[in-house]
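# Remarks on the overall topology
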Amino acid sequence: MTDGVVHTKVEGPVGHARLDRPHAANALNRSMMTALLDAVRAWDADPEVHCVVISGTEKVFAAGADIAELAELSRSGPVGTYLDDFSDLWEALYETRIPLIAAVSGHVLGGGCELAMICDLVIASETARFGQPEVRIGAIPGAGGTQRLVRAVGKALAMDMILTGRTLTAPEALAAGLVSRVVPAGELDRVADDTARAIADHPAVAVRIAKEAVLTAFESPLSTGIRTERRLAALNASTNDHMEGLQAFLDKRRR
């Protein structure tokens, strides 16, 4: 446990980080985001940990950024707000190489939705509701929401959500491409852990290289992505895991 807001544990090859500020609906303050980033960075550097699951409580994944902290920051004026590094914590988490799974239930709003979107897979309980409702308090998403939401669900739906504050149910989020899977509420933890272990069962270098290639596709023109994929595929072909995988296939045995 770190600062009483992020509980961490490692079970085999999977790191688990659970957000836990129930009195504040898991509002993401600097302390929580820093603790989460520190944990994920440590697992990213640990050769025994191959995947991370980030979760909240049954009622809320995260209901946004901490409003009291944002109000204090706004008093520093536009220059102070611009120079503040709070939003950089989301980007630093995005830049880690280890696969990240968001296991979300209940409210997934504002900074919580932005946190889910930087993860590589989002597995949602059927109770989850997604939104970027910052406009309701005279704000806009500030940790990647205006950019990643457009890429995830398209301009039309992103505009609807951001300008009206509309939220999406879990089935709507699945249909729009915002989440990977929707599962019954009682099965969320099991499915997230099973998925993490399935990822962790594969060669770690290949998994991380595949993640890098997909993120390049997400952020770049097709021509750039194709060139990157070729370079990464050639790099991966030099690994022992790749050669062993090919030989195992030829020998009709498990790797």
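Here, the structure is the one placed above.
Once that is clear, we can look at the overall build of the protein. Looking only at helices and strands, the protein has 12 helices and 10 strands in total. Relative to its 255 residues, the protein shows a buried fraction of 44%. Partitioning the intrachain contacts of the protein with sequence separation of at least 6 by distance along the chain shows that 67% fall at a separation of at least 24. Of the accessible surface of the protein, which amounts to about 13,100 Å², a share of 57% is contributed by carbon and sulfur atoms.

With that settled, the discussion passes to helix H9 (residues 188–200). Between its first and last C-alpha, H9 extends 18 Å over 13 residues, near the 18 Å set by a 1.5 Å rise per residue. Here H9 has its buried residues at Leu188, Val191, Ala192, Asp193, Thr195, Ala196, Ile199 and Ala200.

Once rolled over the atoms, a probe with the size of a water molecule shows which space is left empty. Estimated volume of the second largest pocket: approximately 500 Å³. Lining of the second largest pocket is provided by 22 residues; of these, Cys119, Asp120, Leu121, Val214 and Leu215 occupy positions nearest its centre. Of all the secondary-structure elements, those providing two or more residues to the lining of the second largest pocket are helix H5 (111–118), strand E7 (121–125), helix H6 (145–153) and helix H10 (204–219). By residue class, the composition of the lining of the second largest pocket is 17 nonpolar, 2 polar and 3 charged.

Where H10 contacts helix H11 (residues 222–237), the axes come no closer than 9 Å and their chain directions differ by 170°. Of the possible angle classes, the one that applies to H10 and H11 is roughly antiparallel. Within the contact between the two elements, H10 uses Val205, Ala206, Ile209, Glu212, Ala213 and Thr216 and H11 uses Thr224, Gly225, Thr228, Leu232, Leu235 and Asn236. Residue composition of the contact of H10 with H11, by class: 6 nonpolar, 5 polar and 1 charged.

Take unusual backbone geometry next. Among all residues except glycine, the phi angle is most often negative; among peptide bonds, the trans geometry is most common. A positive phi is found at Ala25, a non-glycine position, where the angle reads about 55°. Turning to its location among the elements, Ala25 is positioned in the loop between strand E2 (14–19) and helix H1 (30–44). Even without being glycine, Asn26 reaches a positive phi, approximately 55°. When you line up the elements, Asn26 lands in the loop between E2 and H1. Residue Asn26 is classed as buried on the basis of its relative accessible area of 0%.

To continue, consider the side chain of Lys211. Mapped onto the elements, Lys211 comes out in helix H10. Take Lys211: its relative accessible area is 9%, and that puts it in the buried class. Not counting residues up to four positions away in its chain, the partners in contact with Lys211 are Thr96, Arg97, Ile98, Pro99, Leu100 and Asp120.

Turning next to the nonpolar core. Leu19, Phe61, Trp90, Val104, Leu115 and Phe130 are the most contacted members of the largest nonpolar core, which totals 52 residues. Among the elements that make up this core, the one with the highest residue count is H1 (8 residues). By size, the runner-up hydrophobic cluster in this structure holds 13 residues, among which are Cys51, Ala103, Val183 and Ala192.

Let's shift gears to the sheet that holds E7. Sheet architecture is open: 6 strands sit in the order E1-E2-E3-E5-E7-E10, paired in mixed fashion. Strand pairing shows two members of the sheet lacking a second neighbour, strand E1 (6–11) and strand E10 (181–183), which therefore form its edges. Each neighbouring strand pair of the sheet contributes to a mean axis angle of 20°, computed without reference to strand direction. Examined bridge by bridge, strand E5 (residues 100–104) and E7 share 4 bridges and lie parallel to one another. What sits directly across from Ala102, in E7, is Val122.

Another aspect to go through is the environment of Asp120. Mapped onto the fold, Asp120 is located in the loop between H5 and E7. Judged by relative accessible area, which is 28%, Asp120 ranks as partly exposed. In this structure Asp120 touches Ile98, Pro99, Leu100, Lys211 and Leu215, once residues within four positions along its chain are discounted. Reaching out from Asp120, the side chain makes a polar contact with the backbone nitrogen of Leu100 at a distance of 2.8 Å. Engagement of the side chain of Asp120 in a polar contact is seen with the side chain of Lys211, the distance being 2.9 Å.

What counts and what doesn't
- Every chain is numbered independently, its residues counted from 1 as its sequence is written.
- Where local features are concerned, this predicted model is filtered to residues with pLDDT of at least 70; where side-chain atom pairs are given and counted, the filter is 80 or more; whole-chain, interface and lining totals use all residues.
- To get the side-chain values, take all heavy atoms of the structure and skip hydrogens and water.
- By definition, any uninterrupted DSSP run of H or I lasting at least four residues is a helix, any uninterrupted run of E lasting at least two residues is a strand, and each is numbered from the N terminus.
- Think of it in three bands: residues with accessible area under 20% of the maximum for their type are buried, residues over 50% are exposed, and the middle band is partly exposed, with areas taken using a 1.4 Å probe on protein chains only.
- It only takes one pair of heavy atoms within 4.5 Å for two residues to be counted as in contact.
- For every accessible area listed, the method is Shrake-Rupley and the probe measures 1.4 Å; residues are considered covered only by the protein chains on display.
- To estimate how far a helix should extend, the number of its residues minus one is multiplied by 1.5 Å.
- A 1.4 Å probe that fits into a set of points on a 1 Å grid over the protein atoms alone but cannot get out defines a cavity; an open set with protein on both sides within 12 Å along at least five of seven lines defines a pocket, and lining residues are those with an atom within 4 Å of a point.
- Grid points are joined across faces, edges and corners, and a volume is the space filled by probe spheres set on the points.
- Charged means Asp, Glu, Lys or Arg here, nonpolar means Ala, Val, Leu, Ile, Met, Phe, Trp, Tyr, Cys or Pro, and polar covers whatever is left, Gly included.
- Helix axes are fitted only over the stretch in contact, all axes being lines through C-alpha atoms; the angle between N-to-C directions runs from 0 to 180 degrees.
- Here the angle decides the label: under 35 degrees means roughly parallel, over 145 means roughly antiparallel, 65 to 115 means roughly perpendicular, and every other value means oblique.
- Remark: nonpolar core denotes a set of buried residues (Ala, Val, Leu, Ile, Met, Phe, Trp, Tyr, Cys) joined through side-chain atoms within 4.5 Å.
- Whether two strands pair comes down to DSSP finding at least two bridges between them.
- The definition of a polar contact used here is a pair of N or O atoms within 3.5 Å, where within protein one atom must be able to donate a hydrogen and the other to accept one, and adjacent residues in sequence count solely through side-chain atom pairs.

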